[in-house]
Amino acid sequence: MKNTTVSSVTTTMNPYLAGFLLGLTLLGSFLFLGAGLGASGGLARMAAQIEGALAPSHTLASEYFGNWGHTPLRYYLSYMLLGTFCGGLLSALRSNRIQPQLERGRSASAGLRAGLALCGGVLVGFSSRLAQGCTSGQALTGGAMLLTGSLLFMVTVFLGGYGAAYFVRRQWDD
Amino acid sequence: MIETFFGQGALSTASAHLAALVIGVFFGFALEQAGFGSSRRLAGIFYFRDMAVLKVMFSALVTAMIGLGYLLGLGWIHPDQLYFMPTVYGAQIFGGLLFGVGFVMSGWCPGTAAVGVASGKIDALIFLGGALIGSVLFNELFPIVKSYYTWGESGVLFVYDAMGLSRAAFAFWLTLVAVGCFWGSEYIERKKSGAGLYWNSPFLRTFSTALVLAAVGLFVVPAAPTGTAASFSGAGEHASSMSQTANASQESKLLATVDAAEDHVEPEALADLMLAGEPGLLVVDVRSPEEYAQFHLRGAVHIPLPELAPRLAPNKNVGTIVLYSNGMTHPAQARDSLARLGFRNVFILTDGLGGFAERCLKPVSLRMRATTPEQSAKIASWRTYFLPAASGSLSPPAHADTAAPFPLPERGLPGLATTEWLASQLGKPGLKILDVRTQPEYNTRHIPGSLFVSLESFRGIVKGVPSMLLPSRMLALHLSQMGMTPSDLVVIVTADKPHDATLAGMVFERLGHDRYAILNGGFNQWLTENRPVDSVLPAVRESVYMPPVSADSFTVDAAAVLEAVQQGGTVILDVRPEDFYLGKKSDEARAGHIPGAINRPFSDDVAKTDTIVRFKPVQELQAAYAKLIPSKDSRVIIHCRTGHQASQTFFVLKRLLGYRNVLWYDAGWTEWAARPELPIVAAGAKAQ
């Protein structure tokens, strides 16, 4: 037994089954909403709300967030993100997997892990706006629709990931 | 056929939000069950330690892809009910690379991090904080990155089209790749970490077989009656018809169609078809997205010209496609291009949107030629259908309830709005409040969100006559700078001078903008009722307000008035205070009034209590004017000194009392008195 991670791997759902469920959820989203899943959209709305609270006139006048008006959170993807959190919470409660922790390799420092998580977050936040979506909205949704740009996005995500993997590997050292 | 929220233009309704919330719950549940609440697991794929990401993502993608293939193929859902993201090569390739680096650094992506936070992961919370910063950063850098954001914008592209495959063929190959990846992942895991639990397991064998069989099934899905399935094998068809473009007989056929104008549809015919909800009719707006957002024919979809062929592929030779723009050149060229691609069901709107507005939407009262009662009824029904919503984005017919979020004030538009009604509408999109009080008054406090405008900015010297309402193109420019659009519902607010509000109303009358109302009782009543006020300047984004094609039909000049004086049969109403009418007082070259004019001071139409000035009750006004004007169809010319006070009587007669033939002599006594050749009844003389 290396650590809790290994034991949790064995208790998670069969990944193919989980993927199948995820696929059905996406289909449901197509059928009811007419649009696929999305997570970064809701996040960006939240960012716009926060920036709007700190600097209202500046945000409203800005070219990107300004388009979303006074109530950027009033958007279906904001609600979907909230739902995603709730669904995750339900599932984690049900499988007894809630455990406050900074997940990292045992010999990696908390500072390194937190720093990388933050920098990665900034990159992801920025690039998902640039690409108009993230792994959910572009790669998965657009991929299932067989859209050229979305599939290219998915391929380049993995290219970027594998390209940088070596340089950030220390955070997972045990 | 399933109608989605997107298809109905209802993604921003409360029920769509609820649906999104529920779908999100399933999404989060599936992610967490997959073990994606752990960054270590997510990052595992980049070190070939744990291939869960690949397995889950590919299973989900293939499941949804196959499912969607059946839904589309069996015609359960039409492609226009789905939002297809455009391909932006540069942004998506560069964005993807950056995203990948961020993904491997943090071990999270936005959706999984939401689940990670739910299961107590602190690094997920840090990641989300970073992602918020990244989003704000993008917004702040947007002016710089804007060109990359649209770099390689290519519209909606399907990868199978690019590869020259049918949808089914591509789906089949992708399924095989996915299954190969599943087995490969299990193998890698077995070699690397002794995991690979499903290698050669009965489960994986069954799952793989089921996916491949389902994908094979896509080949035999019957072509849906809507032609949906056919559209998705579009690439090959395009290629073959492209090769025929040189075919001379096809070209001559095309030219013959053009010659016979068989490719046109008249505005009235289109209006009737759209109103009747003609099945299979697809109306396409090919103007810029901004113009579309501002106004479009209700039910029309927006497709930029470069995307027409791929986006219309599902409707090729199925139903009827009508293209429109402001004019006819672009749609005509597009139609010809589509015809070469084998489309036989594309029409263009005669005279474009301009013609549609002129022929179908122009109010009867503004038409030069008399209309029959049937025509008037038609025009009225078209106007209600095509000009319903307060916001520019009109909903499709199925959602009439969301299309009209504004209960109309009192007696319809244009008309009077009550303070109570306005208070209930504050903050609604498409509502524009126009404050015409003085600037200091406005700056001190105003109705939240209202825009200030100086009445004098709407007036100027026109052909040498001072204080004239400016031509419509200048008024439209002013409204553009104020961020107004033709579909806005405008409420005009004054302190205690209703004739200020009606003068602003003349701006909208001249522009043919019927959706305006005047706040009865004005700001003073608003204030005494303790309704909300603030002193914030609203943010305004400049719009493009297109002026109407023709001049208004209610403004008359001195020549027309003189003709009316000489020929009789027209009621000339001088609405200045009595002393001016009688010539006891004068600010102009001559004192007196136009021969035959009768006096009804504008101030007689309003009543003042304390500081509040309101229009008198309609019944009272009705009775007063019935004594002055023979019938509702009588020709009436209203004037004062500069056109200002006359605007109030114009509003009362035309908009409150329903007089149908009301004209406005804007230049008024200022011009009449200054031109000695025009006859007057001079001071001291007895009124005729």
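Because the structure is predicted, anything quoted here is derived from the model rather than measured.

## Some words on the interface of chain A and chain B
Move 1: In this complex, chain A contributes 127 residues to the contact, which on the side of chain B involves 123 residues.
Move 2: Summed over both sides, the interface between chain A and chain B buries roughly 11000 Å², with carbon and sulfur atoms accounting for 73% of that surface.
Move 3: The tally of links between chain A and chain B comes to four salt bridges.
Move 4: Across the pair Arg 40 of chain B and Asp 174 of chain A runs a salt bridge, and its minimum N-O distance is 2.6 Å.
Move 5: Where chain A meets chain B, there are 41 residue pairs in polar contact (both at pLDDT 80 or more).
Move 6: Listing elements by their share of the side of chain A that touches chain B, those giving two or more residues are helix H1 (4–11), helix H2 (15–32), helix H3 (40–54), helix H4 (56–61), helix H5 (76–94), helix H6 (110–130), helix H7 (135–144) and helix H8 (148–165) of chain A.
Move 7: Grouping the constituent residues of the side of chain A that touches chain B by class yields 72 nonpolar, 44 polar and 11 charged.

## Description of the environment of Thr 649 of chain B
Residue and element names in this part refer to chain B.
Move 1: As for its position among the elements, Thr 649 is in helix H28 (residues 644–656).
Move 2: Classification of Thr 649 by relative accessible area gives buried; the value is 0%.
Move 3: Separated by 46 residues in sequence, Thr 649 and Ser 603 have C-alpha atoms that sit 9.1 Å apart.
Move 4: Filtering out sequence-adjacent residues up to four positions away, Thr 649 remains in contact with Leu 573, Val 575, Phe 602, Asp 605, Tyr 625 and Ile 638.

## Comments concerning the confidence of the model for chain B
Move 1: Confidence in the prediction for chain B averages 85 pLDDT; 89% of positions are at 70 or higher.
Move 2: Note on residues 389–411 of chain B: pLDDT is under 50 here. Beyond four places in sequence and across chains, it has 67 contacts.

## Side note on the environment of Leu 82 of chain B
Move 1: Relative to the helices and strands, Leu 82 of chain B resides in the loop between helix H3 (52–73) and helix H4 (89–106).
Move 2: With 79 residues separating them in the primary sequence, Leu 82 of chain B and Glu 3 of chain B have C-alpha atoms 9.4 Å apart.
Move 3: With residues near it in sequence (within four places) discarded, Leu 82 of chain B still touches Phe 30, Gly 34 and Met 145 of chain A together with Phe 6, Leu 68, Leu 72 and Ile 77 of chain B.

## Some words on the side chain of Asp 123 of chain B
Move 1: Examined against the element boundaries, Asp 123 of chain B turns out to sit in helix H6 (residues 122–149).
Move 2: When sequence neighbours within four positions are dropped, the list of residues in contact with Asp 123 of chain B reads Gln 101, Leu 102, Glu 103, Arg 113 and Ala 117 of chain A together with Ser 39 and Trp 108 of chain B.

## Here's the deal with the pattern of salt bridges
Move 1: Here the structure, examined in full by the defined rule, presents 29 salt bridges over all chains.
Move 2: As a salt-bridge pair, Arg 97 of chain A and Glu 32 of chain B come within 2.7 Å of each other at their nearest N and O atoms. One end of the pair, Arg 97 of chain A, is in the loop between H5 and H6; the other, Glu 32 of chain B, is in helix H1 (residues 14–33), on a second chain. Both residues of the pair, Arg 97 of chain A and Glu 32 of chain B, count as buried.

## Here we look at the packing of aromatic side chains
Move 1: In this structure the tally under the stated criterion is 42 aromatic pairs over all chains.
Move 2: Look at Tyr 16 of chain A and Tyr 198 of chain B: their rings are 5.8 Å apart centre to centre, the planes differ by 85°, and that puts the pair in the edge-to-face class. Here Tyr 16 of chain A, found in helix H2, pairs with Tyr 198 of chain B, found in the loop between helix H8 (167–193) and helix H9 (202–217), and the two come from separate chains.
Move 3: Both rings, one in Phe 142 of chain B and one in Tyr 149 of chain B, keep their centres 5.4 Å apart while their planes meet at 75°; by these two values the pair is edge-to-face. Across the pair, exposure class does not vary: Phe 142 of chain B and Tyr 149 of chain B are buried alike.

## With respect to the environment of Met 274 of chain B
Residues and elements named next belong to chain B.
Move 1: Looking at the element boundaries, Met 274 is found in helix H13 (residues 267–275).
Move 2: A relative accessible area of 7% means that Met 274 is categorised as buried.
Move 3: A sequence separation of 108 residues divides Met 274 from Trp 382, and the C-alpha atoms of the two residues are 9.5 Å apart.
Move 4: The contact partners of Met 274, leaving out residues within four places of it in the chain, are Leu 281, Val 283, Leu 297, Arg 298, Ala 300, Tyr 385 and Phe 386.

## Here's the deal with the confidence of the model for chain A
Move 1: On average, residues of chain A carry a pLDDT of 91, and 94% of them reach 70 or more.
Move 2: The low-confidence segment residues 1–10 of chain A, where pLDDT is below 50, has nine contacts with residues more than four positions distant or belonging to other chains.

## Structural notes on H3 of chain B
All names here are of chain B.
Move 1: With 22 residues, H3 extends 31 Å between its outermost C-alpha atoms, agreeing within 8% with the 32 Å of an ideal straight helix rising 1.5 Å per residue.
Move 2: With 21 of 22 residues buried, H3 lies mostly within the body of the structure.
Move 3: Just beyond H3, the residue with positive phi is Gly 75, at close to 75°.

## Examining empty space enclosed by the protein
Move 1: Under the criterion given, the structure shown has three cavities of 30 Å³ or more.
Move 2: The computed volume of the largest cavity comes to approximately 130 Å³.
Move 3: Looking at the lining of the largest cavity, the elements that each hand over two or more residues are H7 of chain A together with H1, H3 and helix H5 (110–118) of chain B.
Move 4: Broken down by element, the residue count for the lining of the largest cavity peaks at three residues, all from H7 of chain A.

The rules we used
- Residues numbered from 1 in each chain as written.
- Chains lettered and ligands numbered in written order.
- Predicted model: local features only at pLDDT ≥ 70, side-chain atom pairs only at ≥ 80, totals over all residues.
- Heavy atoms only, no water.
- Contact = heavy atoms within 4.5 Å.
- Buried area = accessible area lost by both parts, 1.4 Å probe.
- Salt bridge = Lys/Arg side-chain N within 4 Å of Asp/Glu carboxyl O.
- Polar contact = N/O pair within 3.5 Å; in protein donor to acceptor, adjacent residues only side chain to side chain.
- Helix = DSSP H or I, 4+ residues; strand = E, 2+ residues; numbered from the N terminus.
- Nonpolar A, V, L, I, M, F, W, Y, C, P; charged D, E, K, R; others polar.
- Buried < 20%, exposed > 50% of the residue type's maximum accessible area, 1.4 Å probe, protein only.
- pLDDT = per-residue confidence, 0-100.
- Phe/Tyr/Trp six-rings, centres within 6.5 Å; stacked < 30°, edge-to-face > 60°.
- Expected span 1.5 Å × (residues − 1).
- 1 Å grid on protein atoms, 1.4 Å probe; cavity = no way out; pocket = protein on both sides within 12 Å on 5 of 7 lines; lining within 4 Å.
- Points joined across faces, edges and corners; volume = space filled by probe spheres on them.

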